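Architecture at a glance
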Amino acid sequence: FDALMALPPEACAERIDDLRWAVGVAPTHARAHWLLGTAYHALNDFGAARDAFQKSVDLDTMPWRATGPVLAAARAALDGTGAVVADAMAALRDAS
C-alpha cells in the first residue's frame with residue numbers, strides 16, 4: 001500500500017487495478033482517491049476522474065478547498081434567498 005501511495009502521477013495509469021484495490025482497502029484515504037483520479041484522467045475517463053478527485057477533496061483532513069458537503073450546505077442556505085450564486089467550480093469543470 002505504501003508503495004502505491006508513493007507513485008508519481010505519470011505511473012498511475014499503469015497501476016489502475018492496484019489503485020482500485022487500494023481505495024477498496026482504505027476507502028477513507030484521500031491520497032488513494034487522488035491517485036485513482038490521476039489514473040482515470042490519464043486514461044481519458046474524465047467522469048471517473050472527477051468523482052475520484054472530489055472524493056479525495058472530501059476526505060482531505062486539512063482541506064484547502066471547500067468539500068462537497070460544505071458546498072451543498074452553502075447552496076442550500078442560499079436557495080430561495082434571491083442571492084446570485086457564481087458557481088466557479090462548475091464553470092471551470094465545464095471549460096476543462
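As a starting point, this report considers the structure included with it.

What counts, and where the lines are drawn
- Residues numbered from 1 in each chain as written.
- Predicted model: local features only at pLDDT ≥ 70, side-chain atom pairs only at ≥ 80, totals over all residues.
- Heavy atoms only, no water.
- 1 Å grid on protein atoms, 1.4 Å probe; cavity = no way out; pocket = protein on both sides within 12 Å on 5 of 7 lines; lining within 4 Å.
- Points joined across faces, edges and corners; volume = space filled by probe spheres on them.
- Helix = DSSP H or I, 4+ residues; strand = E, 2+ residues; numbered from the N terminus.
- Axes fitted to C-alpha atoms, helices over the stretch in contact; angles between N-to-C directions.
- Parallel < 35°, antiparallel > 145°, perpendicular 65-115°, else oblique.
- Left-handed = near helix turned anticlockwise from the far one by under 90°.
- Contact = heavy atoms within 4.5 Å.
- Nonpolar A, V, L, I, M, F, W, Y, C, P; charged D, E, K, R; others polar.

**Considering the layout of surface pockets**
Roughly 580 Å³ of internal volume is contained in the largest pocket. If you trace the largest pocket, you find 17 residues lining it, with Arg50, Phe53, Gln54, Met89 and Arg93 closest to the centre. Counting only elements with at least two residues in the lining of the largest pocket, the list comes to helix H4 (46-59), helix H5 (68-78) and helix H6 (88-95). Here the lining of the largest pocket takes seven residues from H4, the largest share from any one element.

**Structural notes on the packing of helix H3 (residues 30-42) against H4**
With their axes 8 Å apart at the nearest point, H3 and H4 run at an angle of 165° to one another. The orientation of H3 relative to H4 falls into the category roughly antiparallel. For the crossing formed where H3 meets H4, the hand is left-handed. For the pair H3 and H4, contact is made by Ala30, His33, Trp34, Leu36, Gly37, Thr38, Tyr40 and His41 and by Phe46, Ala48, Ala49, Ala52, Phe53, Lys55, Ser56 and Leu59, respectively. Tallied by class, residues from the contact of H3 with H4 come to 10 nonpolar, five polar and one charged.

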